[in-house]
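# Secondary and tertiary structure notes
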Amino acid sequence: MGSLHEECGVFGVFSQTRRAVASSAYYGLFALQHRGQESCGIVVGNDGLFRDHKDVGLVSDVFPPDVLQGLGHGTMAVGHVRYSTTGGDGRLNCQPIVVNHSKGHMALAHNGNLTNAFELRTQLELSGSIFHTTSDTEVIAYIITKERLTAPSIEEAVERAMDTIQGAYSLVILSPTKLLAARDPYGFRPLCYGVTKEGDYVVASESCALDAVGAAFVRDLRPGEILVFESSGIRSLTRHCGTRPQRTCVFEYLYFARPDSVIDGASVHAARIQAGRFLAQEHPRQADVVIGVPDSGLDAAMGYAEESGIPYRMGFIKNKYIGRTFIQPDQHDREDKVKIKLNPIRSVVNGKRVVLVDDSIVRGTTSGQIVSLLRQAGATEVHMMSSAPAFLNPCYYGTDVDSRENLIAAHHPVEEIARIIGADSLGYLSVDHARQIAAAGHAQGFCTACFSGDYPAGVPRYDKKSRFEQGLSQKEDHT
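Read on for an overview of the structure.

## Description of unusual backbone geometry
With an omega dihedral of 5 degrees, the bond running from Gln95 to Pro96 counts as a cis peptide bond. Tracing the backbone through its elements, the reader meets Pro96 in the loop between strand 4 (74–82) and strand 5 (97–101). Residue Pro294 is joined to Asp295 through a cis peptide bond whose omega torsion reads 0 degrees. The backbone phi angle of Asp47 is positive, close to 55 degrees, even though this residue is not glycine. By the secondary structure assignment, Asp47 is in the loop between strand 2 (39–46) and strand 3 (49–56).

## Describing the sheet that holds strand 20 (residues 353–358)
Taken together, four strands build an open sheet; the order of strands is 17-20-21-22 and the sheet is parallel. Of all the strands in the sheet, just strand 17 (289–292) and strand 22 (425–428) have a single pairing partner and so form its edges. Taking each pair of neighbouring strands and ignoring which way they run, the sheet shows an average axis angle of 20 degrees. Here strand 17 runs beside strand 20; their pairing, made up of four bridges, is parallel. Each bridged residue has a counterpart across the sheet, and for Val290 the counterpart in strand 20 is Val355.

## Side note on the side chain of His80
Topologically, His80 is positioned in strand 4. Looking at His80, the relative accessible area reads 0%, which means it is buried. At a separation of 3.4 Å, a polar atom in the side chain of His80 contacts the side chain of Gln95. Reaching out from His80, the side chain makes a polar contact with the backbone oxygen of His110 at a distance of 2.8 Å. Once you skip the residues sitting within four places of it in the chain, His80 turns out to touch Cys8, Gly9, Val10, Leu29, Ser39, Cys40, Gly41, Gln95, Pro96, Ala109 and His110.

## Examining the packing of helix 4 (residues 117–126) against helix 5 (residues 136–148)
One way to put it is that helix 4 packs onto helix 5 with a least axis distance of 10 Å and a crossing angle of 55 degrees. On the basis of the axis angle, helix 4 is oblique to helix 5. Here the hand of the crossing between helix 4 and helix 5 comes out left-handed. Residue-level contacts link Ala117, Leu120, Arg121 and Leu124 of helix 4 to Asp136, Val139, Tyr142, Ile143 and Lys146 of helix 5. By residue class, the composition of the contact of helix 4 with helix 5 is six nonpolar, no polar and three charged.

## Focus: helix 13 (residues 365–376)
The terminal C-alpha atoms of helix 13 lie 17 Å apart, and with twelve residues this matches the ideal 16 Å at 1.5 Å per residue to within 8%. When helix 13 is considered as a whole, its buried residues turn out to be Thr366, Ser367, Gly368, Gln369, Ile370, Val371, Leu373 and Leu374.

## A short note on the packing of aromatic side chains
In total, this model carries 15 aromatic pairs according to the counting rule given. Both rings, one in Phe188 and one in Tyr397, keep their centres 4.4 Å apart while their planes meet at 25 degrees; by these two values the pair is stacked. Residue Phe188 is located in the loop between strand 8 (179–183) and strand 9 (192–196), and its partner Tyr397 is located in the loop between strand 21 (381–386) and helix 14 (414–421); the two are separated by 209 residues in the primary sequence. Of the two residues examined, Phe188 and Tyr397, each falls in the buried class. Centre to centre, the rings of Tyr255 and Phe256 are 5.4 Å apart; their planes meet at 75 degrees, and the pair counts as edge-to-face. For the residue pair Tyr255 and Phe256, the accessibility class agrees, reading buried in each case. An aromatic cluster is defined as three or more aromatic residues linked by ring pairs; in this entry it consists of Tyr186, Phe188, Tyr396, Tyr397 and Tyr455.

## Some remarks on the side chain of Glu138
With respect to the secondary-structure elements, Glu138 resides in helix 5. Within the buried core, Glu138 has no salt-bridge partner, and the shortest N-O distance to an opposite charge, that of Arg121, equals 4.7 Å. Excluding its chain neighbours within four sequence positions, the residues that come into contact with Glu138 are Ile97, Ile130, Phe131, His132 and Thr133.

Thresholds applied
Residues numbered from 1 in each chain as written. Predicted model: local features only at pLDDT ≥ 70, side-chain atom pairs only at ≥ 80, totals over all residues. Heavy atoms only, no water. Helix = DSSP H or I, 4+ residues; strand = E, 2+ residues; numbered from the N terminus. Pairing = 2+ DSSP bridges. Axes fitted to C-alpha atoms, helices over the stretch in contact; angles between N-to-C directions. Buried < 20%, exposed > 50% of the residue type's maximum accessible area, 1.4 Å probe, protein only. Polar contact = N/O pair within 3.5 Å; in protein donor to acceptor, adjacent residues only side chain to side chain. Contact = heavy atoms within 4.5 Å. Parallel < 35°, antiparallel > 145°, perpendicular 65-115°, else oblique. Left-handed = near helix turned anticlockwise from the far one by under 90°. Nonpolar A, V, L, I, M, F, W, Y, C, P; charged D, E, K, R; others polar. Expected span 1.5 Å × (residues − 1). Phe/Tyr/Trp six-rings, centres within 6.5 Å; stacked < 30°, edge-to-face > 60°. Lys, Arg positive; Asp, Glu negative; His and termini not counted. Salt bridge = Lys/Arg side-chain N within 4 Å of Asp/Glu carboxyl O.

Here it is, written out as structure tokens:
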């Protein structure tokens with residue numbers, strides 16, 4: 001519960017027959033809701049005509065039955081759940097983005113963050129392009145559209161665009177007749193596809209969304225791969241495959257993804273269990289009980305208990321009717337949410353030495369409040385364990401950590417952090433072990449830049465999250 005925004009989630013479906021594909025997109029987005037809780041949207045394609053609806057809010061709120069039915073039937077749909085990495089969180093920046101141009105319509109959903117978005121947007125604006133959002137997704141849409149004007153097909157346009165855009169991106173795209181999926185050459189963000197028993201093709205950020213619509217998992221997209229779904233079947237374009245070393249975000253396994261997902265061949269649940277085991281090996285403690293912070297700290301807590309032999313117990317009750325704390329942009333609001341979100345079970349922790357396992361520690365404020373809750377419930381000792389390494393650096397590839405300013409580990413040693421959050425001791429998972437937990441799959445390498453400072457795709461020249469919302473004078477200073 002480290003006050004982090006999650007990734008976005010993308011979803012697409014291609015059907016050979018007209019059906020209620022909007023419903024499939026709805027259930028897929030519902031399964032991906034953990035990846036973005038600020039806004040969502042669905043676009044349905046039917047014989048080249050697009051119907052779309054998007055708004056700020058959760059999937060269940062934005063798509064009541066009448067709105068979902070109003071999208072009608074079609075052969076394709078693309079959906080998106082979002083939080084803001086680049087651009088504000090208002091309706092203006094909701095996805096998917098729909099573009100109308102001389103070659104037809106295009107709808108685009110994006111998960112990730114470009115490192116050269118500012119430069120590309122500046123170039124496009126100077127050539128006459130007019131932007132309607134402050135999201136880097138619109139930059140991608142413009143680049144693809146620009147290439148489509150001369151390219152013989154939408155897939156060729158996307159392939160050319162990938163020569164220009166840099167950074168992290170998983171894309172799902174609708175054209176009048178095709179559904180496309182593309183993953184950046186580093187493979188930062190996950191993307192997979194499956195097929196339903198009716199023969200519909202489904203693309204999603206995580207395999208749990210395939211399960212939600214009854215699609216059997218086929219495989220993950222390779223880093224740099226473009227898949228084209230059309231009436232004649234599936235085609236794979238691989239010109240960008242192998243051009244960069246794979247660097248899947250290791251934090252997908254530690255925090256972002258749902259435990260029932262499989263990413264690049266590795267079970268997220270198994271990875272988190274193993275993270276807990278490694279924590280117990282690195283930071284053994286004398287304690288009476290191991291508890292986890294719901295929800296993404298629970299699996300690691302189980303692993304710590306199994307490895308240490310200390311009993312695992314459910315130490316908190318979580319209020320299921322409140323969003324995750326980090327989606328609150330204001331720190332005061334975030335703190336208020338923590339107070340009503342978790343309640344310790346006194347009979348489990350009263351008079352006990354407690355090992356408390358959480359998924360991460362970012363600012364430290366939330367961790368301090370949780371430790372305080374346990375103290376108030378009678379815990380005699382609280383030993384805090386983070387199943388992620390210490391955050392020392394900003395992320396430029398899709399995680400909303402854009403400054404070292406609020407990263408507690410960047411300014412204080414471990415012993416002092418323990419004192420600040422009120423814990424008797426503190427332990428972080430090592431970076432080496434973080435890499436090992438994901439290595440059970442077929443990914444060849446992992447990005448650990450937020451922990452190690454090694455940025456495989458470089459860093460943007462102008463790295464503020466709100467860079468597209470700055471005044472013109474500021475923009476001129478960075479061109």
